[in-house]
Every structure is written in C-alpha cells, then in structure tokens.
Amino acid sequence: MGRGFKRQGPAARGRGLRHIHRWRAGSGDLLDLSEKDGVRSLHLGDEQVQSAMRLASPDDLELGYTRAMMAFLLFLAQPRDILMVGLGGGSIAKFVHTRMPELRSTAVEILPEVVAAARCFFRLPPDDERLRVVVAEGGAYVAEHPGSCDALLLDGFSEGVHPESLATAAFFEAARAALRERGVLSVNYIEQDRGFEASLTRMEAAFGGHVVLLPAEQQGNVIAFGLKGLPARLRWEDLRERAEALEARLGLGFMRFLAALRRCNRCSERGLDV
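I will try to describe carefully the structure that is included in this document. Remember, it's a predicted structure, so these values are computed and weren't measured experimentally.

Let us look at the side chain of D32. One can find D32 in strand 2 (residues 30-36). Classification of D32 as buried rests on a relative accessible area of 8%.

Now the structure itself:
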C-alpha cells in the first residue's frame with residue numbers, strides 16, 4: 001500500500017467554533033465538547049476529534065474513518081455479534097443499533113465519563129437486548145472473551161495514539177482468538193502517529209499476514225482489516241455484489257471502499273488476495 005497519508009486535522013477549529021463543555025475525567029484526561037457548522041464533536045486529550053455527530057442527522061456516520069471501519073461487512077456474509085473497543089460518542093454503536101437490527105453489539109470503554117458524554121450529548125440509546133456498553137479496559141476484556149464476536153472494531157486512543165495495551169503482540173493474538181471461526185478485526189490507525197508501523201506489524205503476525213488496508217476519506221486515517229478463516233482470495237464478483245447490496249441498504253460508499261481496496265492491496269484480475 002502506498003504511504004504518505006497526512007494526519008486528519010481538528011474538525012472543529014476556527015471561526016464558528018463554540019465550546020459547549022470542558023471537563024476532566026477521573027483518569028485526568030481532558031474531555032472537550034464543541035460545535036461548529038451543525039456538527040457536535042468530542043475531543044479527548046488534544047484537539048483531535050474523537051467523535052462527531054451532525055445534529056440534523058444524529059444516526060448517520062459523520063466522520064469518514066467510521067464509515068470506512070464498516071467495510072468489514074464486505075468480508076462477512078452474516079455477522080451476528082460485534083465487539084467494539086473504544087466508544088467515543090458512540091457513532092458506530094448507534095448506527096448499527098439503528099440500521100442493522102439483526103446485529104448485537106457490545107462496546108467497551110475505559111472511561112465512564114465518555115460513556116456519560118455519549119449518552120447525554122450524542123444520543124447513544126440505553127442498553128437493551130441488542131446493545132450493551134461495558135466500562136472496562138479493552139485489552140483485558142478482549143482477552144477474557146474468546147470466540148465472542150464475528151467482528152471486532154478497535155478505535156481506542158489515548159492522547160492521539162493507541163494505548164500500549166491495545167497494540168502488543170499479545171493483544172492481537174487475543175483479538176484473533178476473540179473472533180469466531182470466520183471473523184474480521186477492524187482497526188482505526190492514524191498513519192503518522194508513533195507506533196503505527198510496529199502495531200501493524202504485530203497485527204499482521206497475529207493474522208498470518210492476512211491483513212488488508214483501506215484509506216479513509218480524510219487523509220491520515222487508515223483502516224486495517226485482519227481476516228480470520230476466510231479464503232486466500234476473495235473474488236471481485238462476490239465482493240462487488242455484496243458492496244452493491246450494502247450500499248443500497250446502508251447508504252455508505254461500499255463501492256468506493258472496494259475500489260480503494262483494489263488500489264491499495266495485493267490483488268489480481270480475479271480477486272483480492274488475502
């Protein structure tokens with residue numbers, strides 16, 4: 001895959017920015033809530049946007065990287081359970097809960113203040129039979145729940161980087177074990193952050209090299225998918241058929257995702273080599 005992404009800048013800076021609330025979590029992390037141009041954003045530890053919601057369409061995925069993380073659906077025909085590490089404002093959890101009633105989701109977040117912010121300011125619904133939010137350290141939770149999910153979505157950051165507990169070889173081995181016989185790990189990376197290459201190398205080792213990359217629409221974010229138990233080659237015909245159906249159903253750019261996967265990974269005229 002070609003490198004050279006630029007880190008995505010703050011989405012809520014400059015003229016028109018209105019700070020709603022700023023407070024410190026019990027951990028000492030600074031949380032900042034802002035609004036600009038009809039978009040409410042959550043910042044954690046720095047100006048980098050952790051989550052965003054367009055007030056006129058609160059159930060949509062506002063940030064490009066959250067949409068790209070949903071490309072895991074290209075690789076799984078009928079997922080049932082999703083495990084998310086890192087809640088933020090709950091954008092993906094809310095999208096799945098609203099648009100995909102056949103799925104069950106568990107979101108793990110280490111800071112209770114972030115959970116409260118998601119519920120109070122980002123309209124994350126309360127727990128029910130299809131959505132559960134757990135306050136816990138993500139690495140430990142994943143290790144304690146082998147075989148519990150079809151897709152594991154990792155979007156946990158501390159001061160702009162993945163915490164060490166979510167970037168070790170042991171974590172990625174546990175993440176693979178948390179997936180069922182066929183499963184996908186979807187990881188949000190910021191390419192220019194320190195530790196990106198080392199973390200990606202550990203992920204590739206845990207998944208036997210079966211990792212594909214997808215750049216998000218905003219420059220800087222890249223999504224890595226670790227594939228477990230899938231064929232060594234995914235046929236373009238099958239992927240295209242699934243992308244068309246998913247795009248029609250969910251309104252996300254799955255055909256663009258497919259084109260980007262083809263540009264950025266090993267492939268042939270027949271299919272995507274994983």
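The discussion continues.
Paired through backbone hydrogen bonds, the strands of a sheet run either parallel or antiparallel to each other. The seven strands are arranged 7-6-5-8-9-11-10 in an open sheet whose pairing can be described as mixed. Looking at the sheet topology across the chains shown, the edges are occupied by strand 7 (131-135) and strand 10 (211-215). Neighbour-to-neighbour, the strand axes of the sheet open up by a mean angle of 15°, direction not taken into account. In this sheet, strand 11 (residues 221-228) lies alongside strand 9 (residues 179-190) in antiparallel orientation, the contact comprising eight bridges. Along strand 11, the bridge assignment pairs I190 with N221. Helix 2 (residues 91-99) rests against strand 5 (81-85), strand 6 (104-109), strand 7 and strand 8 (149-154) of the sheet, and its axis sits at about 165° to strand 5. Here helix 3 (residues 112-121) sits on the sheet and contacts strand 6 and strand 7; the angle it forms with strand 7, its principal contact strand, is near 150°.

A word on the pairing of strand 3 (residues 39-44). Here strand 3 lies mainly inside the structure; six of its six residues are buried. Neither face of strand 3 is open: one carries V39, S41 and H43, the other R40, L42 and L44, and all of them are buried. Of the strand pairs in this sheet, strand 2 and strand 3 are connected by six bridges, and their pairing is antiparallel. Paired with K36 across the two strands is V39, which belongs to strand 3. Between the antiparallel neighbours strand 2 and strand 3 lie two residues, among them D37 with a positive phi of about 55°. As paired strands, strand 3 and strand 4 (residues 49-54) are joined by five bridges and run antiparallel to one another. By the bridge assignment for strand 4, S41 is matched with A52.

Where side chains of opposite charge bring their charged atoms close, a pairing between them can arise. All told, the structure shown has 14 salt bridges when counted by the stated rule. Of the charged contacts in the structure, one is a salt bridge between E35 and R40, with a shortest N-O distance of 2.6 Å. Its relative accessible area of 11% is what places E35 among the buried residues. The exposure class assigned to R40 is buried, which follows from its relative accessible area of 17%.

The subject of this paragraph is the environment of A232. Here A232 shows up in the loop between strand 11 and strand 12 (233-235). Separated by 147 residues in the primary sequence, A232 and V85 place their C-alpha atoms 27 Å from one another. Ignoring anything within four residues of it in the chain, the contact list for A232 reads L272, D273 and V274.

Right, let's get into the packing of helix 7 (residues 236-250) against helix 8 (residues 254-264). Where helix 7 contacts helix 8, the two axes come as close as 8 Å, and the packing angle between them is 150°. Listed contacts from helix 8 to W236, L239, R240, A243, E244, L246, E247 and L250 of helix 7 are F254, M255, L258 and R262. Partitioned by chemical class, the residues of the contact of helix 7 with helix 8 number eight nonpolar, no polar and four charged.

Phi at D37 takes a positive value of approximately 55°, unusual for a residue other than glycine. Tracing the sequence through the fold places D37 in the loop between strand 2 and strand 3. You can call D37 exposed: its relative accessible area is 60%. In this model, R123 sits at a positive phi of 60°, which is unusual for a non-glycine residue. Residue placement: R123 occurs in the loop between helix 3 and strand 7.

Cut-offs used in this document
- In this convention, every chain numbers its residues from 1, walking through the sequence in written order.
- For a predicted model such as this one, the threshold for reporting local features is a pLDDT of at least 70, and the threshold for listing and counting side-chain atom pairs is 80 or more; totals across whole chains, interfaces and linings nevertheless cover every residue.
- The side-chain values count all of the structure's non-hydrogen atoms but skip hydrogen atoms and water molecules.
- Only DSSP runs of H or I reaching four residues or more are called helices, and only runs of E reaching two or more are called strands; each is numbered from the N terminus.
- Each residue is placed in one exposure class: buried if its accessible area under a 1.4 Å probe, protein chains only, is under 20% of its type's maximum, exposed if it is over 50%, and partly exposed if it falls in between.
- The criterion for strand pairing is that DSSP finds at least two bridges linking the strands in question.
- Axis lines are fitted through C-alpha atoms, for helices just across the contact stretch, and the angle between N-to-C directions can take any value from 0 to 180 degrees.
- In what follows, a contact means two residues having at least one pair of non-hydrogen atoms within 4.5 Å.
- Note on definitions: salt bridges are taken to be side-chain nitrogens of Lys or Arg within 4 Å of carboxyl oxygens of Asp or Glu.
- Each residue is assigned to one of three groups, with Ala, Val, Leu, Ile, Met, Phe, Trp, Tyr, Cys and Pro labelled nonpolar, Asp, Glu, Lys and Arg labelled charged, and all others, Gly among them, labelled polar.

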